[in-house]
Amino acid sequence: SSGINAEYGYIIFLRITPFLPNWFINMTSPVIGVPVFPFVFGTFIGVAPPSLLAIQAGGTLHTLTSASDAVSPLQFVLLIVLGFVSMIPVAFKQYFKQKLE
């Protein structure tokens, strides 16, 4: 049960952050034994922030003449911060689990 809760956080983290491509996560998750429900739920929650940024970039590109103005380093940092925020519940759970043992 605690492993399943941690898997949600890991999948959301991997989907939000731009560290690994989605095709790699899709291929390796079944190999390492990630259950289907945490994978699907984590993917659903985790792809929303990058998708919203891509939609915003597309809207910006529609009105701009320079493509470099569409995606800023701030947006990249925001994705990384959101990824680490998604790991806070997992870290607290591990911390308190070690304290209780």
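Residues numbered from 1 in each chain as written. Predicted model: local features only at pLDDT ≥ 70, side-chain atom pairs only at ≥ 80, totals over all residues. Heavy atoms only, no water.

Novice: Mind showing me how you'd approach the overall build of the protein here?
Specialist: Of regular secondary structure, the protein possesses six helices and zero strands. Counting across all 101 residues of the protein, residues that qualify as buried make up 26%. In the protein, 72% of the contacts between residues at least 6 apart in sequence involve partners at least 24 apart. Accessible surface, the protein as shown: approximately 6900 Å² in total, 74% of it carbon and sulfur. (Helix = DSSP H or I, 4+ residues; strand = E, 2+ residues; numbered from the N terminus. Buried < 20%, exposed > 50% of the residue type's maximum accessible area, 1.4 Å probe, protein only. Contact = heavy atoms within 4.5 Å. Areas by Shrake-Rupley, 256 points an atom, 1.4 Å probe, with all protein chains shown as cover.)

Novice: Sorry if this is basic, but what is going on with the packing of aromatic side chains here?
Specialist: Taken as a whole and assessed by the stated rule, the structure comprises six aromatic pairs. Between the aromatic rings of Tyr8 and Phe37, the centroid separation amounts to 6.2 Å while the plane-to-plane angle is 90°, which identifies the pairing as edge-to-face. With Tyr8 in helix 1 (residues 2–16) and Phe37 in helix 3 (residues 36–46), this residue pair connects regions lying 29 residues apart in the sequence. Seen in terms of ring centroids, Tyr8 and Phe41 are 5.4 Å apart; in terms of plane orientation they differ by 85°. Their pairing is edge-to-face. Note that Tyr8 is positioned in helix 1 and Phe41 in helix 3, a separation of 33 residues in sequence. Given a relative accessible area of 38%, Phe41 falls into the partly exposed group. (Phe/Tyr/Trp six-rings, centres within 6.5 Å; stacked < 30°, edge-to-face > 60°.)

Novice: Any chance you could explain helix 3 here in plain terms?
Specialist: An α-helix turns once per 3.6 residues; consequently, residues spaced three or four apart project the same way. Taken residue by residue, helix 3 has Pro38, Gly42, Thr43 and Gly46 as its buried positions. When helix 3 is viewed along its axis, its buried side chains cluster within an angular range of 125° and face the same direction. Residues of helix 3 that are exposed and angled more than 90 degrees away from the buried face: Val36, Phe37 and Phe44. (Arc of directions from axis to C-beta.)

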